[in-house]
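Each chain, letter by letter, is given below.
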Amino acid sequence: MPPLTSLCARVLLACALGTSFAAGAHAASAEPALPPVELFFSNPLLADAELSPSGRYLAAVSGAPGRRDMLVVVDLQENKANLVAGYKDADILQFQWVNDGRLLFNVSDKQIGPGGRYLASGLYAVNRDGGGMRQLASRRGGGLAEAGSQIAQVMLPWHTFMLGQRGAQDSDEVYVLSSDPDQDEKLRTTNLLRLNTVTGRAQAVQRPGPVDSWVLDNAGEPRLALNASGGKTTIHYREPADGKWRSVGEFSTYGSNKGGFSPLGFGADGKLYVRAQAGKDAAALHTLDLATGKVDPQGVVVMPGYDFDGGLVSRRGKLLGAVIETDAPGHVWFDKDMQAIQQAVDRLLPGAANILSVAASPDAPWVLVRSISDQRPMAYYLYSPGSGKLNPVGSSREGLDPARGGRQDPVRYKARDGREIPALLTVPAGAKKNLPLVVLVHGGPYVRGNHWGWDSDTQFLASRGYAVLEPDFRGSRGYGSAHFRAGFKQWGLAMQNDIADGARWAIAQGIADPKRICIAGASYGGYATLMGLVNDPDLYKCGINWVGVTDIGLLFNGHWSFDSDLTDDWKTHGMPVMIGDPVKDATQFKATSPIEQAAKITQPLLLAYGAVDRRVPLYHGNKFRDAVQAHNRQVEWVVYQDEGHGWTRPQNRFDFWKRVEAFLGRHIGPGAVKQ
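Here goes a summary of the coordinates provided.

Note that Asp335 resides in the loop between strand S24 (329-333) and helix H4 (336-348). A polar contact is formed between the side chain of Asp335 and the backbone nitrogen of Asp337, at a distance of 3.1 Å. In terms of polar contacts, Asp335 uses its side chain to reach the backbone amide nitrogen of Met338, at 2.9 Å. With sequence-adjacent residues up to four places away left out, Asp335 is seen in contact with Lys318 and Leu320.

Spelled out as structure tokens, the structure:
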């Protein structure tokens, strides 16, 4: 096999996509003193890449300024690239290999707001040379197939999606999901269809009842069905011998999850691997006895202080290892050859978290590397175990100098009640002490909000001279059950104190100038921004809230002009446990409502909302804006008419972050210093 040179790998992708890496390099050399906002917030140049089952071919979604994202396949043996799918009015969104010669993909419109959302993304199949194109599912509304019947229609309905799991990859057939919405488009169940990507014919798999998600086994066949309803999660197992379903687990979805587990995949012997606490504080990787439904208390991968929240790495049924995340992402390898490959790649790419992806075939000549760094955008490489050579494929973004990127470090500090709070601290390159600080609060809030590695928001702020502190306050996942549950019903209370205590820690360390601290965030982070200004007016000089909750009660009754995208099960069974009960906790809701406390906010504010947000409707923003502007004249207000819960259109991202740059410059940046 002729070697794939690094130059060839980059030029092949560039030529196939009608752009030039050389042009990007020239632009980088001529960039102004501060890198422009567009370099941080444009759509990625390389959004995804994946090896074919044999490992001979590499498929990638790649874009360039001024044109749509396209699907490219590179023959790594012949050093040839084909543009296999591209459109003038749509972008390739996601793809997966059906077999070594065919791919499945969907599309979106990344130039508009939620009108081009994933929910109407369509489904298509194409050969790796660009031939054999077939549309399999429509991008708009259509009829719903009857479960259990063979579908003879030309196209499946719009609510048909990729499963997102590696199937058998040995035929033209794949499994896809077909949601079953009621007349209000609320999900009733999710059907699994076996779809022939050449003929378009599909057949539904018999299900044990309502299903939310499915898991395939090592042979690429449906083996597990999961459903969460009525506050309970039920997991069914499909017997390989007769195809009959039986329950292997039932437990509380939101409260105590004693005996609960999340299935991840199967080993070569058919053993089921699950994520479970098994009586411990932190979740670990365990095995489950399918005969008894019991989790083996002996963990396979245990990370003290961190929840196992990764996935399995398998090849033709053989379990090679697992993806993990502690302070940074990484691997635990059970296979000695993969461990040796990891060590070789890490020597070639030091100072990065290098995540390996393998093709299905054990004889594949390449391993795909996703290299994650704090100072540069994610980059893709191909590593040859045979030659030991590493070849660049491309980067998600070009034109940014890694030497000018902010350095990001995991830190820990103590909250006022003694709880240890993990956080990420990013400091501008070459920065000294006593810096202006942005406390960036993640949304959710009951998620792991922060992940080590290059991030557009954080690095843009660092490029403008700001230190950035991102706390994983109590309630955040990833650090054990006690840390997670300590955040229940603590909006505006202990969760808020954790954030303020982080800012005060940064002051005590000499990192932050106590006179130049701003709090910012989206969704829950927007709520925390407003409550931070209420609770700690001496600490925060300004606040930036985008798509933020402005009253907890409005999450339950938000004066929706259209349906909320929050599920009824979450609102009925989850929110009262984790956020609070609107009747029993009404007094607390009022005391921790930014709208009710708006008179206390006198600091400068930047508020931004999407007019078609189904998570936090514009009513939240309008109601708070009216309340705070009655006495605060330092409020900037912007509405993006075509946006939902976040900014989809690049032009809106550019506009918003330019506003952020100007706002911070006036209040804690260079403009504030001159005042």
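Past the structure itself, the notes keep going.
Turning next to the packing of aromatic side chains. Aromatic ring pairs are described here by two measures, namely the spacing of the ring centres and the angle between the planes. By the definition in use, this model includes 27 aromatic pairs. Residues Phe40 and Phe460 carry aromatic rings whose centres are separated by 5.4 Å and whose planes lie at 75° to one another, so their mutual orientation is edge-to-face. Note that Phe40 is positioned in helix H3 (residues 37-41) and Phe460 in helix H5 (residues 456-463), a separation of 420 residues in sequence. A relative accessible area of 3% means that Phe40 is categorised as buried. For Phe460, a relative accessible area of 1% gives the class buried. Taking the centre distance of 6.1 Å and the plane angle of 50° together, the rings of Tyr306 and Tyr479 count as tilted. Taken together, the residues span a long stretch of sequence, with Tyr306 in the loop between strand S21 (294-295) and strand S22 (312-315) and Tyr479 in the loop between strand S32 (467-471) and helix H6 (481-485) at a distance of 173 residues. The structure contains a cluster of three or more aromatic residues connected by ring pairs, namely Phe40, Phe41, Trp454, Phe460, Trp546, Tyr640, Trp647, Phe656 and Trp657. One cation-aromatic arrangement involves Arg477 over Phe484; the distance from NZ or CZ to the ring centre is 4.0 Å. Taking the ring centre of Trp637 as reference, the NZ or CZ of Arg625 above it sits at 4.7 Å.

Most of the time, phi is negative for any residue but glycine, and the peptide bond is trans. Gly444 connects to Pro445 through a cis peptide bond whose omega is -5°. Tracing the sequence through the fold places Pro445 in the loop between strand S31 (435-441) and H5. The phi dihedral of Gln169 falls on the positive side, at around 60°, and the residue is not glycine. Within the secondary structure, Gln169 is located in the loop between strand S10 (160-162) and strand S11 (173-181). On the basis of relative accessible area, Gln169 is assigned to the buried category, the value being 10%. A positive phi is found at Asn434, a non-glycine position, where the angle reads about 60°. Within the secondary structure layout, Asn434 lies in the loop between strand S30 (420-427) and S31.

On to empty space enclosed by the protein, then. Vacant regions in the atomic arrangement are exposed by a probe of water-molecule size rolled over the atoms. With the rule as written, the count across this model stands at 5 cavities of 30 Å³ or more. Quantified by volume, the largest cavity comes out at close to 100 Å³. Lining the largest cavity are 15 residues, and of these Pro410, Ala423, Leu424, Arg448 and Tyr479 sit closest to its centre. Residue assignment for the lining of the largest cavity shows that the elements contributing at least two residues are strand S29 (407-414) and S30. By residue class, the composition of the lining of the largest cavity is 8 nonpolar, 3 polar and 4 charged.

Among the nonpolar cores identified, the biggest contains 59 residues, and Val439, Trp491, Tyr540, Leu605 and Phe624 are the most heavily contacted of them. Here the element with the most residues in this core is helix H8 (residues 524-535); it accounts for 7 residues. For Phe624, the contacting residues outside a window of four places in its chain are Leu530, Thr550, Pro594, Ile595, Ala598, Ile601, Leu605 and Leu607. Counting 30 residues, the second largest nonpolar core, distinct from the first, contains Phe41, Leu400, Phe460 and Trp657.

Contact geometry for helix H7 (residues 494-508) and H8: axes closest at 10 Å, N-to-C directions at 75°. The angle between the axes of H7 and H8 places the two elements in the roughly perpendicular class. Mapping the contact onto sequence places Met495, Gln496 and Ile499 in H7 and Tyr524, Ala528, Met531, Gly532 and Asn535 in H8. Within the contact of H7 with H8, the residues separate by chemical class into 5 nonpolar, 3 polar and no charged.

Let's shift gears to the pattern of salt bridges. Side chains that differ in charge, positive against negative, can pair when their charged atoms come close. Counting across every chain of the model gives 29 salt bridges. Across the pair Glu78 and Arg56 runs a salt bridge whose closest N-O atoms are separated by 3.9 Å. A residue pair is termed long-range when its members are at least 10 positions apart, and Glu78 in the loop between strand S3 (67-75) and strand S4 (80-85) and Arg56 in the loop between strand S1 (46-51) and strand S2 (57-64) qualify at 22 residues. Residue classification places Glu78 among the partly exposed residues on the basis of a relative accessible area of 41%. Overall, the relative accessible area of 25% leaves Arg56 in the partly exposed class. A salt bridge links Asp374 to Arg407; the shortest N-O distance between them is 3.1 Å. Placement of the pair is Asp374 in the loop between strand S26 (367-372) and strand S27 (379-383) and Arg407 in strand S29, with a sequence separation of 33 residues. For Asp374, a relative accessible area of 3% corresponds to the buried category. Each of Arg56, Asp75 and Glu78 takes part in a single network of salt bridges with overlapping partners.

About the thresholds
- Residues numbered from 1 in each chain as written.
- Predicted model: local features only at pLDDT ≥ 70, side-chain atom pairs only at ≥ 80, totals over all residues.
- Heavy atoms only, no water.
- Helix = DSSP H or I, 4+ residues; strand = E, 2+ residues; numbered from the N terminus.
- Polar contact = N/O pair within 3.5 Å; in protein donor to acceptor, adjacent residues only side chain to side chain.
- Contact = heavy atoms within 4.5 Å.
- Phe/Tyr/Trp six-rings, centres within 6.5 Å; stacked < 30°, edge-to-face > 60°.
- Buried < 20%, exposed > 50% of the residue type's maximum accessible area, 1.4 Å probe, protein only.
- Lys NZ or Arg CZ within 6 Å of the ring centre and 35° of its normal.
- 1 Å grid on protein atoms, 1.4 Å probe; cavity = no way out; pocket = protein on both sides within 12 Å on 5 of 7 lines; lining within 4 Å.
- Points joined across faces, edges and corners; volume = space filled by probe spheres on them.
- Nonpolar A, V, L, I, M, F, W, Y, C, P; charged D, E, K, R; others polar.
- Core = buried A, V, L, I, M, F, W, Y, C linked by side-chain atoms within 4.5 Å.
- Axes fitted to C-alpha atoms, helices over the stretch in contact; angles between N-to-C directions.
- Parallel < 35°, antiparallel > 145°, perpendicular 65-115°, else oblique.
- Salt bridge = Lys/Arg side-chain N within 4 Å of Asp/Glu carboxyl O.

These values are about where atoms sit, not about what they do.
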